[in-house]
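Overview (structure and organization)
One letter stands for each residue in the lines below.
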There are 2 protein chains.
Amino acid sequence: MESNRREIEVMANLLSANDVQAAVNREHFLKNKCLAINVIGSPGAGKTSLLEKTLPLLTPDMHVGVIEGDIFTSKDADRIAAHGVPVIQINTGGGCHLDSKMVSKAMPAFNWQATDLMIIENVGNLICPGDFDLGEAFKIIVLSIVEGDDKPAKYPVIFRNAKAVVLNKMDLEAYTDVNMENMRKDILAINPDIQIFEVSCRNGDGLKVWTSWLCQEVKAYQQNRD
Amino acid sequence: MESNRREIEVMANLLSANDVQAAVNREHFLKNKCLAINVIGSPGAGKTSLLEKTLPLLTPDMHVGVIEGDIFTSKDADRIAAHGVPVIQINTGGGCHLDSKMVSKAMPAFNWQATDLMIIENVGNLICPGDFDLGEAFKIIVLSIVEGDDKPAKYPVIFRNAKAVVLNKMDLEAYTDVNMENMRKDILAINPDIQIFEVSCRNGDGLKVWTSWLCQEVKAYQQNRD
């Protein structure tokens, strides 16, 4: 009992220390009129692929930075760097999520006068990243439809706290048993305000709709700060 | 610094308390000649589907029990119960992995005189479950090949500590860019002793090979205790 209480206390301290730094990060993004988004999804949902396909579609006058979270390797950052976009890789060394302190340590590497959008790709995990505010304006979920239409109901917390969900790998719909109507219904039952995008990073379907929504969000965020 | 040290200490205490209970669970499985396996994989890798397809292929004289770990919902346990197999659902209520204490609490529900194989399906997560020994004989990874061939290198810890990996959704290989040669090479570079099975729960390919290996493992485990 005593040990349980101590564990809960330490977890509460951890989360509260994270929230303090997240507030500092958020203030930094606000001051620099930079929309920061926290991209969350399972391993292989297609988070990095979505970034790779999104970057070339953003208007040329929009300046983007990327923070890549991974347990090990710089595979994802290497893929993003190939697009000529400033990117910093954070390796958690085993940790299952990014936290606000890791993000703050990556910040000095960017030119904030020239960053309109900061995309933070979290570690591949549909659970733990949801508990740690990074100071982002909002969370985006990337879900591969191949994971199955039961996933929103099974991982509701993350869907409840996201502004949008990108349903990826739509090109595989015909080859799986996924029921897209159930998928959409379950997502909206958890979060009626969430935006749902259906895309295929492989064949390009839906990417323009998603990207133009994201551009609108950047503009709206910046106008609100004018 | 002080607070960091305290967090590390509590995490170490947590893991060590888990190991103590895991040893008790392991002794229980040994005493009852029951092979316990810990099945780990991302959300939607096909863990429950693999179980559903495996159960009917096991020899009729093999008695199986299933423990289903999930954050919320009893969706997976309902699917297993439909096969007439004793199943207990553990809901972690937000927690990202099973621990040995949760498993021990589920144990009284089973008839251990008549259980040869206990399949413990962990929470959908390729990271955290790897840190918590449940008392199992060994870990099995289920990986959907649609997640991509870069996953073993990105999540090496879990591959290093597993006895076998079941590469699922092989029926989708032709519709994705996955490179199966790279996948196998990377897995074996991390763990040269791991067994690799390629299956499709959808069309049945490879399931007999996987299931007969599992039956062999049960027999070998029981013979070693005779």
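For the structure given in this document, a descriptive report is provided here. None of these values were measured; they are calculated from a predicted model.

Analysis parameters
Residues numbered from 1 in each chain as written. Chains lettered and ligands numbered in written order. Predicted model: local features only at pLDDT ≥ 70, side-chain atom pairs only at ≥ 80, totals over all residues. Heavy atoms only, no water. Pairing = 2+ DSSP bridges. Helix = DSSP H or I, 4+ residues; strand = E, 2+ residues; numbered from the N terminus. Axes fitted to C-alpha atoms, helices over the stretch in contact; angles between N-to-C directions. Contact = heavy atoms within 4.5 Å. Buried < 20%, exposed > 50% of the residue type's maximum accessible area, 1.4 Å probe, protein only. Least-squares fit on C-alpha atoms with pLDDT ≥ 70 in both. Buried area = accessible area lost by both parts, 1.4 Å probe. Salt bridge = Lys/Arg side-chain N within 4 Å of Asp/Glu carboxyl O. Parallel < 35°, antiparallel > 145°, perpendicular 65-115°, else oblique. Nonpolar A, V, L, I, M, F, W, Y, C, P; charged D, E, K, R; others polar.

Thoughts on the sheet that holds strand β7 (residues 195-198) of chain B
All names here are of chain B. Ordered in space as β3-β2-β4-β1-β5-β6-β7, the seven strands form an open sheet in which the pairing is parallel. Whereas interior strands pair on both sides, the edge strands pair on one side only; in this sheet they are β3 (87-91) and β7. Going across the sheet, the axis of each strand differs from the next one's by a mean of 20 degrees, ignoring polarity. Of the strand pairs in this sheet, strand β2 (residues 64-70) and strand β4 (residues 117-121) are connected by five bridges, and their pairing is parallel. Bridge pairing links I67 to I120 in β4. Of the strands in this sheet, β1 (35-40), β2, β4, β5 (138-144) and β6 (164-168) touch helix α2 (residues 47-54), which is tilted by about 160 degrees from β4.

Regarding α2(B)
Most of α2(B) is tucked away, with six of its eight residues classed as buried. All of the buried residues in α2(B) are B:K47, B:T48, B:L50, B:L51, B:E52 and B:T54.

Overview of the relation of the copies chain A and chain B
Least-squares fitting of chain A to chain B yields an RMSD of 0.0 Å, with the transformation described by 0.0 Å of translation along the axis and a rotation of 180 degrees. What we have between these two chains is a two-fold relation. Interface residue correspondence from chain A to chain B reaches 100%, placing this contact among same-surface, isologous pairings.

Here we look at the interface of chain A and chain B
Interface size is often expressed as the accessible area that is lost when the parts come together. Facing the 41 residues of chain A at the interface are 41 residues of chain B. Interface area for chain A against chain B, summed over the two sides, is near 3,400 Å², with a carbon-plus-sulfur share of 59%. Considering only the surface of chain A that becomes buried against chain B, A:P43, A:K154 and A:Y175 emerge as the three largest contributors, covering 18% of it. Scanning the region where chain A abuts chain B turns up six salt bridges. B:R202 is the partner of A:D177 in a salt bridge, and the nearest nitrogen-oxygen pair spans 2.7 Å. Elements that contribute at least two residues to the side of chain A that touches chain B include exactly α1 (2-31), α3 (75-81), α5 (151-154) and α6 (156-160) of chain A. Ranked by residue count, the leading element in the side of chain A that touches chain B is α1(A), at six residues.

Brief notes about the pairing of β4(B)
All names here are of chain B. For β4, the tally of buried residues reaches five of five residues, placing the bulk of the element in the interior. Residues L117, I119 and E121 line one face of β4 and the alternating positions M118 and I120 line the opposite face, and both faces are buried. Across five bridges, the pairing between β1 and β4 is parallel. Within β4, the residue paired with N38 across the bridge is I120.

Regarding the packing of α2(B) against helix α8 (residues 207-224) of chain B
Residue and element names in this part refer to chain B. For the pair α2 and α8, the least separation of the axes is 10 Å and the interaxial angle reads 80 degrees. Judged on the interaxial angle alone, α8 and α2 are roughly perpendicular. Across from L50, K53 and T54 in α2, the residues of α8 making contact are L207, W210, T211 and L214. Classifying every residue of the contact of α2 with α8 gives four nonpolar, two polar and one charged.

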